Amino acid sequence: MNHKIKSIRPFIGSKDFEISRSFYRDLGFEETVLDAKMSVFKTNEIAFYLQDAYVKDWIDNTMIFIEVDDVELYYKELQALNLPEKYESVKLTPIHYLDWGSECFLHDPSGVLWHFGKFK
């Protein structure tokens, strides 16, 4: 196959759809409501679908990696948003420095684990 792929958009679930929608808007994503149970969230070339659907095993095993150009700056900006104080289940984990690069972690209100990292 020799196709020019333009984007990838994962589907993620939410335990409480309204809280998750608010969280992702606070995180800086622009929301487009598709219907009462699904929205697409975008920033630059990144997009994902948020569903009003919760399957614990699925959510607990969902991880998304976003490559950023400066992990230290991104982590400081995440800290400034005070998301763990605003949303009960949200957890921000400091930067880990590894052989391949560095990353910090953010659990959304449902438990989806976001990695924000940079490769060496």
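Below is a short write-up of the structure. Bear in mind that the values here come from a model prediction, so they are computed numbers and not experimental data.

### Things to note about the overall build of the chain
When helices and strands are counted, the chain shows 4 helices and 8 strands. In terms of overall size, the chain behaves like a compact globule, its C-alpha atoms giving a radius of gyration of 15 Å where 120 residues would be expected to give roughly 14 Å. Over its C-alpha atoms, taken along the principal directions, the chain stretches across nearly 45 × 40 × 25 Å. A total of 120 residues make up the chain; the buried ones form 41% of that total. Long-range contacts, defined here as pairs at least 24 residues apart, represent 51% of the contacts in the chain between residues at least 6 apart. Accessible surface, the chain: about 7,700 Å² in total, of which carbon and sulfur atoms supply 52%.

### Quick notes on the sheet that holds strand 2 (residues 30-35)
Here we have 4 strands laid out as an open sheet, ordered 1-4-3-2, and mixed in their pairing. The sheet is open, and its two edges are formed by strand 1 (11-12) and strand 2, each paired on a single side. For strand 1 and strand 4 (residues 46-51), the ladder comprises 2 bridges, and the chain directions are parallel. Directly across from Ile-12, in strand 4, lies its bridge partner Leu-50.

### Topic: the packing of aromatic side chains
Following the criterion strictly, the structure yields 16 aromatic pairs and no others. Each ring, one from Phe-41 and one from Phe-48, has its centre 5.5 Å from the other, and the planes form 15°; the classification is stacked.

### Considering the pairing of strand 6 (residues 91-97)
In the sheet, strand 6 pairs with strand 7 (residues 101-107) via 5 bridges, with the strands oriented antiparallel. Counterpart to Lys-91 in the pairing with strand 7 is His-107. Hairpin connection of strand 6 to strand 7: 3 residues between the antiparallel strands.

### A closer look at the sheet that holds strand 5 (residues 63-67)
Think of a sheet as strands paired side by side through backbone hydrogen bonds, with each pair either parallel or antiparallel. Within the open sheet, the 4 strands sit side by side as 5-8-7-6. Their pairing is mixed. The sheet terminates laterally at strand 5 and strand 6, the two strands that pair on one side only. Put simply, the sheet's adjacent strands are angled 20° from each other on average, direction ignored. Pairing between strand 5 and strand 8 (residues 113-119): 5 bridges, direction parallel. Across the sheet, residue Glu-67 finds its bridge partner in strand 8, namely Gly-117. Helix-sheet contacts for helix 3 (residues 71-80) involve strand 6, strand 7 and strand 8, and the interaxial angle to strand 6 is about 165°.

Scoring rules and cut-offs
- For every chain, the first residue of its written sequence is number 1, and the numbers climb from 1 along that sequence.
- Residue-level local features of this predicted model are given only where pLDDT is at least 70; pairs of side-chain atoms are given and counted only at 80 or more, and the full residue set underlies all totals for whole chains, interfaces and linings.
- To obtain the side-chain values, all non-hydrogen atoms of the structure were included, while hydrogens and water were left out.
- Runs of H or I in DSSP of at least four residues are treated as helices and runs of E of at least two as strands, each being numbered from the N terminus.
- Computation of the radius of gyration draws on C-alpha atoms, with the globule rule given as 2.2 Å multiplied by the number of residues to the power 0.38.
- A 1.4 Å probe rolled over the protein chains alone gives each residue an accessible area, and that area as a share of the maximum for its type sets the label: buried under 20%, exposed over 50%, partly exposed in between.
- Contacts are residue-level and defined by heavy atoms, with any inter-residue pair within 4.5 Å sufficient.
- Note on areas: Shrake-Rupley with a 1.4 Å probe; residue coverage comes only from the protein chains shown.
- Two strands form a pair only when DSSP identifies at least two bridges running between them.
- Centres within 6.5 Å are what make two rings of Phe, Tyr or Trp a pair, Trp counting through its six-membered ring; a difference in plane orientation under 30 degrees is then read as stacked, over 60 as edge-to-face, and the rest as tilted.
- With axes taken as lines fitted to C-alpha atoms, and helix axes fitted only over the stretch in contact, angles between N-to-C directions fall between 0 and 180 degrees.

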